[in-house]
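An overview of the molecular structure
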Amino acid sequence: MGGKPTLDWTRRRKIALGAARGLVYLHEQCDPKIIHRDIKASNVLLDEYFEAVVADFGLVKLLDHGESHAVTAVRGTMGRIPPEYLMTGQTSEKTDVYGFGFLLIELITGRKTMELHEDEYQEGGILDWVNY
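Small disclaimer: the values here were computed from a predicted structure and weren't measured. (Residues numbered from 1 in each chain as written. Predicted model: local features only at pLDDT ≥ 70, side-chain atom pairs only at ≥ 80, totals over all residues. Heavy atoms only, no water.)

Counted under the stated rule, the structure contains 4 salt bridges. With its nearest N and O atoms 3.1 Å apart, the salt bridge here joins E51 to K14. Taken as a pair, E51 in the loop between β2 (44–46) and β3 (52–54) and K14 in helix α1 (residues 9–29) lie far apart in primary sequence, 37 residues in all. What makes K14 partly exposed here is its relative accessible area of 31%. Linking R80 and E106 is a salt bridge whose minimum nitrogen-to-oxygen distance equals 2.6 Å. With R80 in the loop between β5 (70–71) and α2 (83–88) and E106 in helix α3 (residues 93–109), this residue pair connects regions lying 26 residues apart in the sequence. Judged on exposure class, the residue R80 and its partner E106 are both buried. (Salt bridge = Lys/Arg side-chain N within 4 Å of Asp/Glu carboxyl O. Helix = DSSP H or I, 4+ residues; strand = E, 2+ residues; numbered from the N terminus. Buried < 20%, exposed > 50% of the residue type's maximum accessible area, 1.4 Å probe, protein only.)

Structure below.
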């Protein structure tokens, strides 16, 4: 753990911006707009130059630009699904932004957001640590 980080800050920033650009493209430039519903590190692919590409479109919902949300069966990675989506079944761009927040936490801390360590923030792992 005391060694050099796998990703320096320049690369982390580049990954975050690339993923953000991908979401902007899906939400604002595609017609119909695409709601990914499962934004997470394993669904952001990197090329040899650390350019990020959003991948794995198995859970997408398509929305016309005039629509604010879709009601659907809740899908995604448990622990990363927004509470309001779990309660109402309504998905929107906000669902992807919530997942992108988890991705940012992982990029900044270098840790998985759901990882738990013995005697560490027993209520929710890294999320409790971030709130602390």
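Further remarks concern the nonpolar core. Nonpolar side chains in soluble globular proteins generally cluster together in the buried interior. L26, F100 and L103 are the most contacted members of the largest nonpolar core, which totals 14 residues. Listing elements by their share of this core, those giving two or more residues are α1, β3 and α3. It is α1 that contributes the most residues to this core, 5 residues altogether. Residues contacting L26, with those up to four places away along its chain left out, are K33, I34, V54 and F57. (Core = buried A, V, L, I, M, F, W, Y, C linked by side-chain atoms within 4.5 Å. Contact = heavy atoms within 4.5 Å.)

The next point concerns the packing of α1 against α3. Contact geometry for α1 and α3: axes closest at 10 Å, N-to-C directions at 175°. The orientation of α1 relative to α3 falls into the category roughly antiparallel. Contact with α1, carried on its side by W9, R12, I15, A16, A19, A20, L23 and H27, involves E93, D96, F100, L103, L104, L107, I108 and T109 of α3 and no other residues of that element. Residues that form the contact of α1 with α3 fall into these classes: 11 nonpolar, 2 polar and 3 charged. (Axes fitted to C-alpha atoms, helices over the stretch in contact; angles between N-to-C directions. Parallel < 35°, antiparallel > 145°, perpendicular 65-115°, else oblique. Nonpolar A, V, L, I, M, F, W, Y, C, P; charged D, E, K, R; others polar.)

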